[in-house]
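Survey of secondary and tertiary structure
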Amino acid sequence: MDKKKKILIVGHSAKEHALLQKLNEYENVEKIYAAPGNTAMSEICECVDIREDDSQKLLEFVLENGIDLTVACSKKSIKSDISDLFQANSQLIFAPAAGAANFAISRSVAKKFMYKQRIPTPKFGIFEKPQLAADYVKNASYPILIGSDEDSDTSVKAVCSTVSMARQCLDDLFLSDEKKVVLEDFINGHEFTLYVVTDGYQALPLAVSADYRFMENGNGGLYTTGVGSFVPDYKVSENVISSIMNNVVFNILKSLEHRGTPYLGILGVECVLTDENNYLTTGFTPFLKDYDAAGVLNSIGENLLDLFEACAIGSFADDYFSIKNSNLSSVSVVLSARHDGLLISGLDKVDDNTFVNHFSTAKNEYLEYETNKGRTLVVTQSSSTLSGARKNLYENVDVIDFKNKKYRTDICN
């Protein structure tokens, strides 16, 4: 039997929790650590009190504890260039180097990169001075999407339909000390993300996730980093997937390889369908997103530890010619809270095959979970069909309760 492995997951949000749950299923996993992890993750692994961007301390921990593979999921850890440090010290890591992942973290870098590579993307403008941004919105096409350079839970982002709305949004951004803002034409259409796995040279599609970004049913309200998804996305054809692989993914990988910064890890290509066979690329993500991580992971029929290791050691192109599918369909929804510290009930009553992933919830003195303001939980249901997954999802969402629970009820409707 193969040697059982020790794994370190770097990060502390819902996507890391989902990855932990998946890796915990495998027989070739001896032990999983998380740094820093979160309260829910500590129930099934050992959490280590090291900041996700303290690469030197993480390296010391890995060397002292005989870790076989580190998976850096969070943007903070990737930006700290943990990948280069670990590789320089002969430690296996599944994560892109900071220099390779810059385009997947910064919206302005992504836009310039796509323009240079002739990858079709909505018309955009990048501004560091409020007056120049204000001049741009006078003559812009509407609706227009305005946001900070890097997405986060607290970043301001809005789809504006008038000049006055756009100016207000710009004021909010610059008053919040935002150094750079990105404006782009907002394209009404079906939003999705194609995820690929790559060693920097070869790449294979993992899954396609349908994205729900607006807070309210029917795509109304605030435009968010994501409030729900379903996998696989039946609206995205094989022709579109093939086109994205050839014209976006391999185009980018070749460019990064020529620069001497090959991209190793999972890359998400965010797109919008303009019609059945055409799309625009809107951005990228350097790992799975919190709201679709469990659904994507459940759709993969491979042992993820083996897959990640193959990329890290350089045997990926020889070992994998395609990624096996599990034939499971998944629907996910984000539950948000208006305040911190609200008691969450019903978590012990959800089905065994319901995946509940925590953002940064905490336990009170009675060991009961309480909300964090904003995104609190991602609930994911997997089944043989999307309709079955959707039905079971909302039955289990009804079981989980906290005051003024907020979520969309039309995911995969």
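Every chain's residues receive numbers from 1 upward, in the order its sequence appears when written. Confidence filtering applies because this is a predicted model: local features only for residues at pLDDT of at least 70, side-chain atom pairs given and counted only at 80 or more, and all residues used for totals across whole chains, interfaces and linings. In computing side-chain properties, one takes all heavy atoms of the structure into account and sets aside hydrogens as well as water.

Labelled according to an unreviewed UniProt entry, the protein appears under the name phosphoribosylamine--glycine ligase, originating from Candidatus Scatousia excrementigallinarum. UniProt positions are given in the numbering used here, feature names are shortened, and annotations may be inferred rather than shown by experiment. In its Sequence similarities (unreviewed entry) section, the UniProt record describing the protein reads: "Belongs to the GARS family." Under Pathway (unreviewed entry), UniProt gives the following word-for-word description of the protein: "Purine metabolism; IMP biosynthesis via de novo pathway; N(1)-(5-phospho-D-ribosyl)glycinamide from 5-phospho-alpha-D-ribose 1-diphosphate: step 2/2."

Right, let's get into the overall build of the protein. A tally of helices and strands in the protein yields 13 helices and 19 strands. Projected onto its principal axes, the C-alpha positions of the protein cover 65 × 55 × 40 Å. A buried classification covers 56% of the 413 residues belonging to the protein. Surface accessibility follows the Shrake-Rupley procedure with a 1.4 Å probe radius. Residue values consider only the protein chains on display as shielding. When the accessible surface of the protein is summed, it comes to about 17,900 Å², and 46% of that surface belongs to carbon and sulfur atoms. Here the protein carries 41 positive and 56 negative side-chain charges, and the mean point of each set is 6 Å from the other. For the purposes of this entry, the term helix denotes a DSSP run of H or I that reaches at least four residues, the term strand denotes a run of E that reaches at least two, and both are numbered from the N terminus. Any residue under 20% of the maximum accessible area for its type is buried, any over 50% is exposed, and the rest in between are partly exposed; the area is computed with a 1.4 Å probe on protein chains only. Neither His nor the chain ends is counted toward charge; the positive residues are Lys and Arg and the negative residues Asp and Glu. Charge positions are represented by NZ for Lys, CZ for Arg, CG for Asp and CD for Glu.

The subject of this paragraph is the packing of aromatic side chains. Stacked, tilted and edge-to-face are the three classes applied to pairs of Phe, Tyr and Trp rings, where Trp contributes its six-membered ring and a pair requires centres within 6.5 Å; stacked means planes under 30 degrees apart, edge-to-face means over 60, and tilted covers the rest. All chains considered together, the criterion is met by 13 aromatic pairs. Pairing F103 with Y263 gives two aromatic rings, centres 6.0 Å apart and planes at 65°, and the pair type is edge-to-face. One end of the pair, F103, is in helix α5 (residues 98–105); the other, Y263, is in the loop between α9 (238–259) and β13 (265–275), and 160 residues separate them in sequence. For the pair F103 and Y263, one class covers both residues: buried.

One open sheet holds the eight strands; their spatial order is β14-β13-β10-β11-β12-β15-β19-β16, and the pairing between them is antiparallel. If you trace the sheet from one side to the other, it starts and ends with β14 (278–285) and β16 (354–358), each paired once. The sheet shows a mean angle of 30° between the axes of neighbouring strands, direction not considered. Note on pairing: two strands pair once DSSP finds at least 2 bridges between them. Examined bridge by bridge, strand β15 (residues 329–337) and strand β19 (residues 374–383) share nine bridges and lie antiparallel to one another. From the neighbouring strand, V331 faces β19, where its bridge partner is Q381. All axes are obtained by fitting lines to C-alpha atoms, using only the stretch in contact for helices, and the reported angles, taken between N-to-C directions, cover 0 to 180 degrees.

Turning next to the nonpolar core. In these notes, a set of buried Ala, Val, Leu, Ile, Met, Phe, Trp, Tyr and Cys residues joined through side-chain atoms within 4.5 Å is what counts as a nonpolar core. In this structure, L19 and F94 are the most contacted members of the largest nonpolar core, which totals 41 residues. For this core, the elements supplying multiple residues, two or more each, are β1 (5–11), α1 (14–23), β2 (29–36), β4 (69–72), β10 (190–198), β11 (203–216), α10 (293–299) and α11 (304–313). Sort the elements by how many residues they give to this core and α11 lands first, with six residues. Once residues within four sequence positions are removed from consideration, L19 is found in contact with I9, V71, C73, F287, L297, L304 and F308. Membership of the second largest hydrophobic core comes to 32 residues, among which are A100, V236, Y263 and V269. Any two residues whose heavy atoms approach within 4.5 Å at even a single point are treated as in contact.

A separate point is the sheet that holds strand β3 (residues 46–47). Taken in spatial order, the five strands of this open sheet run β3-β2-β1-β4-β5, and their pairing is parallel. Whereas interior strands pair on both sides, the edge strands pair on one side only; in this sheet they are β3 and β5 (93–94). Pairing of β1 with β2, which is carried by seven bridges, proceeds in the parallel orientation. When the bridges of β2 are listed, I9 appears paired with A34. Contacts from helix α2 (residues 55–65) reach β1, β2 and β4, with the element oriented near 165° to β1.

Turning our attention to the environment of V231. By secondary structure assignment, the location of V231 is in strand β12 (residues 220–231). For the pair V231 and S90, spaced 141 residues apart in sequence, the C-alpha separation works out to 36 Å. When neighbours within four sequence positions are excluded, V231 is seen to be in contact with A207, V208, S209, G295, V296, S299, L328, S329, S330 and L386.

With that settled, the discussion passes to the side chain of E302. By secondary structure assignment, the location of E302 is in the loop between α10 and α11. For the buried E302, no salt bridge is present, and the opposite-charge side chain at shortest range is K324, 4.5 Å distant. In contact with E302, other than residues within four places in its own chain, are Y26, Y320, S322, I323 and K324. When a carboxyl oxygen of Asp or Glu lies within 4 Å of a side-chain nitrogen of Lys or Arg, that pair is called a salt bridge.

What follows deals with the packing of α5 against helix α6 (residues 107–117). Closest axis-to-axis distance for the α5/α6 pair is 6 Å, and the angle between their directions is 95°. Taken as axis vectors, α5 and α6 run roughly perpendicular relative to one another. Contacts between α5 and α6 involve N102, F103 and I105 from the former and R107, V109, A110 and F113 from the latter. Among the residues forming the contact of α5 with α6, the class breakdown is five nonpolar, one polar and one charged. Roughly parallel means an angle under 35 degrees; roughly antiparallel means over 145; roughly perpendicular covers 65 to 115; every other angle is labelled oblique. All amino acids are sorted into three groups, where Ala, Val, Leu, Ile, Met, Phe, Trp, Tyr, Cys and Pro are nonpolar, Asp, Glu, Lys and Arg are charged, and the leftover types, Gly among them, are polar.

This next bit is on the pattern of salt bridges. Tallying each qualifying case throughout the model produces 22 salt bridges. K79 is the partner of E150 in a salt bridge, and the nearest nitrogen-oxygen pair spans 3.1 Å. Note that E150 is positioned in the loop between β7 (144–148) and β8 (157–160) and K79 in helix α3 (residues 75–79), a separation of 71 residues in sequence. Owing to a relative accessible area of 45%, K79 belongs among the partly exposed residues under this scheme. A cluster of three or more residues bridged by salt bridges with shared partners is formed by K15, E16, D290 and R375.

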